[in-house]
Each structure stands twice: as C-alpha cells, then as structure tokens.
Amino acid sequence: MNILQAITPLVRTTKSITLFVNNEVIKTSSQKLGLSGKVKSTVLEKWGTYWKDLIKDYTDVIKDTVEDSKKYPKKTLGILSLCGFVLLSCKTNPDDISYRENVLKCSNDVLLVGKAIRNPNTDQFLTAVENCYNLGVIRRLSFGIISVMWIDNYSNELGIFKAECSYLKPQYLTFSSRLIDIGFFGKWWKLDKIMQDYDINHEEWVDGKQ
C-alpha cells in the first residue's frame, strides 16, 4: 500500500509534464505555420505591388508618348521615319553569300561578251575579286544597316606566324584601302557601278582613231 501511495503522485506528475510538453509543441507548430503563412502572403503582396507599379509606369509612358506625338506631329513623323529607315536597312542589309552570288552573276554576264568589246576595268575588277576568293582573303564587316567587303592579308586556314600575330593584322588607318565594295539596301554599290557599260571597250575607239 505504501508503494502505491508513493507511485501515484509520480504518475500524476508524469502525466502533467506530458500534457505540458504536448501543448507547447502544438503552440510552437501553430506559431510556425502562422509565421510561414505571413511570409508567403508578404512575398505575394510584394510581387503584386511590383507588377502593378510596373504596369502603371508603362501605361504612363504610353500616355505621355501619345500626348507628345499629338503635340509635336512633325517631330513624331521624323522619329517614326528614322526608325522605319533603320529597320528597313537592317532587314535589307546584304550578306557575304549575296555578294558571292552577285560576283558570279556579273562574271557570267561579262564572259558572254567578246573580249574585244569587253570593258577592261570591269574585267580586271572581277578577275581580282575572283583571285581573292581563291586565296580565301575576302571578308565581310557588318554594321547592322550597312556591310562592307574587304581584303585580308591571309586566309583563315593558314597557321603561320604572320597570319596569327595580332600586331600584323590590318590596321584601322589603312583599312579604307582594303575596301572593295559597300552593301546597302540589298545592293552592292561598287559592283553595280563597275558593271555599267561592261560591254563597251573605250580603248577600242581610241585605237580606231589612231
């Protein structure tokens, strides 16, 4: 009997401790869940505020742009024309493939003309360009709205020191002497000019007068 009386308070104390611990665990868990929910809601609120402000800023910019365009119509027309010109230039900017195709087409046209009446300037230019293609030194440099074809010193396939050394690369000051054509608005202007009167040999008339 004495043993039961001694154990009973101990059991009651153990149950009290267990209930206290369980209650604390439940409170802690609920607090964590509440804190997590608050964090999530705070993040969502910040994202919502960010996108609302962003949309508002773009809306204000569009409104101001429309108002300014109505207030200054000539300025707006000039800006739109400039943007359209740049976009069209970028879209029609010729590449190196188109230049090669145009050179081959021009060479075929010149070959159909007899050598006696063939323009020597046209013939020499096309021959020089073809030789450069055979050497692999033709290069294209694009500026977005315009392209230039130029002649390098060596082919990219060469591994010699002169071809790899950066100090022996073409310099900007002498770059203009290496230009062979300018492409703009879907047209290679030097090639188009050199093909004018390609079937007329002006030296033939000089020899006839002599």
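In this text the structure is predicted, and so the values were computed from the model without any measurement.

Section: the packing of aromatic side chains
If you walk through the whole model with that rule in mind, you get eight aromatic pairs. Arranged with centres 4.8 Å apart and planes meeting at 70°, the rings of Tyr 99 and Trp 188 form a pair that is edge-to-face. Residue Tyr 99 is located in helix H3 (residues 96–111), and its partner Trp 188 is located in strand E4 (residues 187–188); the two are separated by 89 residues in the primary sequence. We note that Tyr 99, like Trp 188, is buried. Both rings, one in Phe 184 and one in Phe 185, keep their centres 4.8 Å apart while their planes meet at 5°; by these two values the pair is stacked. Aromatic ring contacts, followed pair by pair, group Trp 47, Tyr 50 and Trp 51 into a single cluster. One cation-aromatic arrangement involves Arg 100 over Tyr 133; the distance from NZ or CZ to the ring centre is 4.2 Å.

Focus on unusual backbone geometry
For Phe 185, which is not a glycine, the phi torsion comes out positive at approximately 60°. Examined against the element boundaries, Phe 185 turns out to sit in the loop between strand E3 (179–184) and E4. Its relative accessible area of 36% is what places Phe 185 among the partly exposed residues. Backbone geometry places Asp 197, a non-glycine residue, at a positive phi of 60°.

Basis of the calculations
- Residues numbered from 1 in each chain as written.
- Predicted model: local features only at pLDDT ≥ 70, side-chain atom pairs only at ≥ 80, totals over all residues.
- Heavy atoms only, no water.
- Phe/Tyr/Trp six-rings, centres within 6.5 Å; stacked < 30°, edge-to-face > 60°.
- Helix = DSSP H or I, 4+ residues; strand = E, 2+ residues; numbered from the N terminus.
- Buried < 20%, exposed > 50% of the residue type's maximum accessible area, 1.4 Å probe, protein only.
- Lys NZ or Arg CZ within 6 Å of the ring centre and 35° of its normal.

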